[in-house]
Amino acid sequence: MLALGGGSAIDLGKAVSATAGLPLVSVPTTYAGAEWTSYFGVRDPQRRMQGGGGGAHPAAIVYEPELTLELPAETTVGTAMNALAHCAEALYAHGHNPDSDEKALEGARLISHFLPRVVESPLDRDLRTELLRGACNGGEALAGSMLALAHAMAQAIGGKYGLPHGTLNGICLPPALRYNARYAPAAVRAFGDAVGGDPAARVEELAALGGVTRLRELGVPEADIPELAASTAQRGGNQANPHPATPAEIEQLLRSVY
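As the structure is a computational prediction, the values presented were derived from the model and not from experiment.

Peer 1: Quick question: what am I supposed to make of empty space enclosed by the protein here?
Peer 2: Using the criterion set out here, one finds 1 cavity of 30 Å³ or more in the structure. The space that makes up the largest cavity amounts to roughly 70 Å³. When residues of the lining of the largest cavity are traced back to their parent elements, those giving at least two are helix 2 (73-90) and helix 6 (165-180). Ranked by residues supplied to the lining of the largest cavity, first place goes to helix 2 with 4 residues. Counted by class, the lining of the largest cavity contains 5 nonpolar, 5 polar and 1 charged residues.

Peer 1: Hey, could you run me through the environment of I157 in this one?
Peer 2: For I157, the position within the fold is in helix 5 (residues 149-161). Along the chain, I157 and Q252 lie 95 residues apart, while their C-alpha atoms are 15 Å from each other. Contacts of I157, omitting those with residues within four sequence positions, involve L163, L168, C172, L215, V220, L228 and L254.

Peer 1: How should the nonpolar core be read in this particular structure?
Peer 2: One finds L84, I157, L177, F191, L215, V220 and L254 to be the most contacted residues of the largest nonpolar core, which totals 66 residues. Among the elements that take part in this core, helix 2 stands out by supplying 9 residues, more than any other. If we ignore the near neighbours within four places in the chain, the residues touching V220 are I157, Y161, L163, L215, L228 and Y258.

Peer 1: What's the story with the pairing of strand 2 (residues 23-28) in this structure? I'm lost.
Peer 2: Two faces make up the sheet, and in a regular strand the side chains alternate between them. Relative to strand 2, strand 1 (residues 2-5) runs parallel, the two sharing 4 bridges. Among the inter-strand pairings, L4 is bridged to a residue of strand 2, identified as V27. Read from strand 1 through helix 1 (residues 7-20) to strand 2, the crossover connection turns out right-handed. As paired strands, strand 2 and strand 5 (residues 57-61) are joined by 4 bridges and run parallel to one another. Note that in strand 5 the partner of P23 across the bridge is H57.

About the thresholds
- Residues numbered from 1 in each chain as written.
- Predicted model: local features only at pLDDT ≥ 70, side-chain atom pairs only at ≥ 80, totals over all residues.
- Heavy atoms only, no water.
- 1 Å grid on protein atoms, 1.4 Å probe; cavity = no way out; pocket = protein on both sides within 12 Å on 5 of 7 lines; lining within 4 Å.
- Points joined across faces, edges and corners; volume = space filled by probe spheres on them.
- Helix = DSSP H or I, 4+ residues; strand = E, 2+ residues; numbered from the N terminus.
- Nonpolar A, V, L, I, M, F, W, Y, C, P; charged D, E, K, R; others polar.
- Contact = heavy atoms within 4.5 Å.
- Core = buried A, V, L, I, M, F, W, Y, C linked by side-chain atoms within 4.5 Å.
- Buried < 20%, exposed > 50% of the residue type's maximum accessible area, 1.4 Å probe, protein only.
- Pairing = 2+ DSSP bridges.
- Right-handed = clockwise from strand over helix to strand, strands pointing away.

Structure follows, in structure tokens:
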């Protein structure tokens, strides 16, 4: 099975691989990192999350920077923020380990350094190569660790409204980092050192390169925030967080980026 495209195309390839028992070769054209895991999400025609599964058979990944050169800025930044969230959360999720930590920190350094340069010069193959290398490190860190609170928030919101997962991670990661600074201070500091500044503030700067930084800008209804917080609290990412957040705490985090 050959999957060529972004996270959704690769997730489809993983679903087919799992069903048919075929080995999967992924050729990613974004920075989403889906090529590193065996699980996938399933959406309905309105792009609402309808569940998911696992059991794909990843066999190989082929990175070709030429395929990313015409990726629009919004998608470039959004999927790179997803990769950066993989790096951050791999450092403190329950499954973190020294090997994943090393990949996560290298990925964070590369993404933070090269994403602004790619936005300025999107057709520069060398810059795209280094950003893709950063996303690769983030994906490998994800595969060796787990997701945490920021992804849980992004998944709950994106699954309900069909919104772009990477953009949501760019919005949700800063409040999650501020929350986790109380429970995993060394990991959050290490991430800040890797990205070159205050961890949450630096992520906000990078996310702003894509133009969307608040949930209201994506059309998320403010009245739904309590429901989204309750949904987030039940997700595996929150349970793998250094200190699982309560629905009330998550509600405050979501309101801080509304």
